[in-house]
Amino acid sequence: QTQKIDRTSITSTTTNSFAAITGLTQAITPVATSSKVLVTAYVSWNLDSGNGTIHFGIFRDSTQVGMGVDSGGTNRCPSTVSFRGTINGGSSWYTYGMTSQAFQFLDSPSTTSSTTYSIKVSGGATYTSTVIINGTDTTTGNAGSADYQPVASSAIMCMEVLA
C-alpha cells in the first residue's frame, strides 16, 4: 500500500490525456502468471474551476484497465469514474467541498514481472479542469478553519490473489 498525504494540483485540458497523480503508485510482483491482482484505491479531491469535467483511471504500467465500452462496442470510455458539475462558485457544490472517490478492480496481469499500478486523472474536452488532490481550493488546512480548509489523504493498495 502507498498513502499520499500531500496536496497536489493538476491542470488538464484534454480528455484521454491522463496525468499521473504523484504518489499514487504501487508496484507488485505476482508469484504466478495465473494470479490476479486486486487493486483498491481512493482519491480525495476537489475540482477547482467554475465548471469542469474530470476522469480518473486505473493503470497497469502504461495500460488503462477497468474501463467500460461505449454502446457501439468499439471505443473505450476515458475512465473508470468521471465527474461533471458546477463546483466552486456554483450552486451545486459548497465552495470548499471535497469528496473521496473509491476504486476497486481485479486485474489479470498474466506476468511474474514487477508491475506498477497507478491512479491518473484527465480533464474534459470542453473545459480546463484543475483537480486538487487531498485538499480544497485553499493551500493548506487550518486548525482554526477546519470546516473550510479540510485536508485528506489518498491511497492505493495492491494484493495478489492466487488462482
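All of these numbers come straight from a predicted model, not from anything done at the bench. (Residues numbered from 1 in each chain as written. Predicted model: local features only at pLDDT ≥ 70, side-chain atom pairs only at ≥ 80, totals over all residues. Heavy atoms only, no water.)

Draft legend 1. Summary view of the pattern of salt bridges. Following the criterion strictly, the structure yields two salt bridges and no others. Here D6 ties to K4 by a salt bridge, and the two come within 2.9 Å at their closest N and O atoms. By relative accessible area, which is 2% here, K4 ends up buried. Note that R60 is salt-bridged to D107, the shortest N-O span being 2.6 Å. Within this pair, whereas R60 is found in strand 5 (residues 52–60), its partner D107 is found in strand 8 (residues 99–107), the two being separated by 47 residues in sequence. (Salt bridge = Lys/Arg side-chain N within 4 Å of Asp/Glu carboxyl O. Buried < 20%, exposed > 50% of the residue type's maximum accessible area, 1.4 Å probe, protein only. Helix = DSSP H or I, 4+ residues; strand = E, 2+ residues; numbered from the N terminus.)

Draft legend 2. The arrangement of the environment of M67 in detail. Considering the arrangement of structural elements, one finds M67 in the loop between strand 6 (63–65) and strand 7 (81–85). Taking relative accessible area as the criterion, M67 reaches 22% and is therefore assigned partly exposed. Considered as a pair, M67 and F105 are 38 residues apart in the sequence and their alpha carbons are 9.8 Å apart.

Draft legend 3. Geometry of the packing of aromatic side chains. One pass over the full model with this rule turns up three aromatic pairs. Geometrically, the ring pair formed by W45 and F56 is tilted, given 5.9 Å between the ring centres and 55° between the ring planes. Taken together, the positions of W45 in strand 4 (residues 36–47) and F56 in strand 5 put the pair eleven residues apart, joining distant regions of the chain. Each member of the pair, W45 as well as F56, carries the same accessibility label: buried. Here the aromatic residues W45, F56 and F103 are joined through ring pairs into a cluster of three or more. The residue whose ring lies beneath K120 is F59, and the NZ or CZ to ring-centre distance is 4.6 Å. (Phe/Tyr/Trp six-rings, centres within 6.5 Å; stacked < 30°, edge-to-face > 60°. Lys NZ or Arg CZ within 6 Å of the ring centre and 35° of its normal.)

Draft legend 4. The arrangement of the nonpolar core in detail. Grouped together as the largest cluster of nonpolar side chains are 22 residues, with contacts concentrated most on I21, V43, W45, F56, I119, V131 and I133. Examining the composition of this core, we find that six residues originate from one element, strand 4, more than from any other. Aside from chain neighbours lying at most four places away, what touches V43 is L24, F56, T99, S100, Q101, F103, I119, I133 and S154. (Core = buried A, V, L, I, M, F, W, Y, C linked by side-chain atoms within 4.5 Å. Contact = heavy atoms within 4.5 Å.)

Draft legend 5. Up close: the confidence of the model for the protein. Of all residues in the protein, 65% have pLDDT values of 70 or greater, and the mean over the chain is 77. No element of the protein has a lower mean pLDDT than strand 7, at 50, and none a higher one than strand 11 (residues 154–161), at 97. Taken as a whole, residues 77–82 scores under 50 in pLDDT and shows 27 contacts with residues more than four places along the chain or in a different chain. (pLDDT = per-residue confidence, 0-100.)

Draft legend 6. Inspection of the pairing of strand 2 (residues 8–12) at higher detail. Side chains T8, I10 and S12 of strand 2 all project onto a buried face; the interleaved residues S9 and T11 project onto a face where none is buried. Direction of pairing for strand 2 relative to strand 10 (residues 129–133): antiparallel, over a ladder of five bridges. Within the sheet, the bridge partner assigned to I10 lies in strand 10 and is V131. (Pairing = 2+ DSSP bridges.)

Draft legend 7. How the structure looks around the side chain of Q26. Its location among the elements puts Q26 in strand 3 (residues 19–28). There is a polar contact of 3.4 Å between the side chain of Q26 and the backbone nitrogen of Q1. Setting aside anything within four residues of it in sequence, one finds Q26 in contact with Q1, T2, T115, T116, Y117, I156 and C158. (Polar contact = N/O pair within 3.5 Å; in protein donor to acceptor, adjacent residues only side chain to side chain.)

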